[in-house]
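Descriptive analysis of the structure
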Amino acid sequence: MGKVKYTIDSIFDKRPKVKDYAFLDDEVQEYIKMIIPKANPNLRIGRKVIEPRIKSFWSLKWIELIEIRHDYENEDLLSIFKNLYGVSEKKLLNLDIFNYFSSIKWITNQLEDIAESEKENLNYEASEEEKEAGSQEFEKYDYYVTLDGLTNGDSTKEEFYLNKSYEYIFRKLCLLNDKRMFNEKMQEIVSRKNKRN
């Protein structure tokens, strides 16, 4: 199958669909990516406007956010669109390419907003002693380390936390992080006082 005949000048007259994108010239593909309009959560399929089932990723259940992050990292955008909009692959392939990329931009912005908040509020740097002991080995467990910490190892509470909104989970993690930092500072203060005596 040959390339669809779209040029930079003609893509606004007859807008390509998602299914056409792979057949566009590289120059046209790059141009489309470069001029993506602002982030837009709504899909326009024909005359129908489909809104995502949530307005903010903070409202997602934690397990849903985990799944969307996993799909995003694996570039499984179809799974994300099915999850958020309930659309079939056929409908997604017939979506206007500009609408598609502006929706992806909205999804990306949502994930980046959460990641930035996590970095600012939950960033924990392992101590040299923890690194030496092998703290990096826990990375293979991904989110399960956090889940285990929230449940204090009680697997009967896992479903409760996985099905809470990420906004709730994030607040809980911020509280636990602040308590940890408070306890570390208290230990330092007590240690300094003991050394003086």
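Here, the structure is the one placed above.
The text that follows walks through the structure, step by step, so that each part is easy to find. The structure presented is a predicted model; accordingly, all values stated were derived computationally and were not measured.

**Overview of the pattern of salt bridges**
Scanning the model with the defined rule gives 5 salt bridges in all. Here Asp96 and Arg15 are joined by a salt bridge, their closest N and O atoms 2.6 Å apart. Taken together, the residues Asp96 in the loop between helix H4 (89–93) and helix H5 (97–122) and Arg15 in the segment before helix H1 (26–34) connect sequence positions 81 residues apart.

**Quick notes on helix H2 (residues 62–73)**
Taking 1.5 Å of rise per residue, the 12 residues of H2 would be expected to cover 16 Å, and the 17 Å separating its terminal C-alpha atoms lies within 8% of that figure. Listed in full, the buried residues belonging to H2 are Trp62, Glu64, Leu65, Ile66, Ile68 and Asp71. Next to the buried residues of H2 lie helix H3 (77–85), H5, helix H7 (144–151), helix H8 (158–162) and helix H9 (166–196). Positive backbone phi, approximately 55°, marks Glu75, located one or two places after H2.

**Focus: the environment of Tyr6**
One can find Tyr6 in the segment before H1. Along the chain, Tyr6 and Val28 lie 22 residues apart, while their C-alpha atoms are 7.5 Å from each other. Aside from chain neighbours lying at most four places away, what touches Tyr6 is Ile11, Lys14, Arg15, Pro16, Asp20, Leu24, Asp25 and Val28.

**Side note on the packing of H5 against H9**
Where H5 contacts H9, the two axes come as close as 10 Å, and the packing angle between them is 15°. In terms of their interaxial angle, H5 and H9 are classed as roughly parallel. In this structure, H5 meets H9 at a crossing whose hand is right-handed. Only Tyr166, Phe170, Leu173, Cys174 and Asn177 of H9 make contact with H5, whose side of the interface consists of Ile114, Ser117, Glu118, Asn121 and Leu122.

**What to know about the side chain of Gln110**
Residue position: Gln110 is located in helix H5. For Gln110, a relative accessible area of 15% translates into the label buried.

Rules of the game
Residues numbered from 1 in each chain as written. Predicted model: local features only at pLDDT ≥ 70, side-chain atom pairs only at ≥ 80, totals over all residues. Heavy atoms only, no water. Salt bridge = Lys/Arg side-chain N within 4 Å of Asp/Glu carboxyl O. Helix = DSSP H or I, 4+ residues; strand = E, 2+ residues; numbered from the N terminus. Expected span 1.5 Å × (residues − 1). Buried < 20%, exposed > 50% of the residue type's maximum accessible area, 1.4 Å probe, protein only. Contact = heavy atoms within 4.5 Å. Axes fitted to C-alpha atoms, helices over the stretch in contact; angles between N-to-C directions. Parallel < 35°, antiparallel > 145°, perpendicular 65-115°, else oblique. Left-handed = near helix turned anticlockwise from the far one by under 90°.

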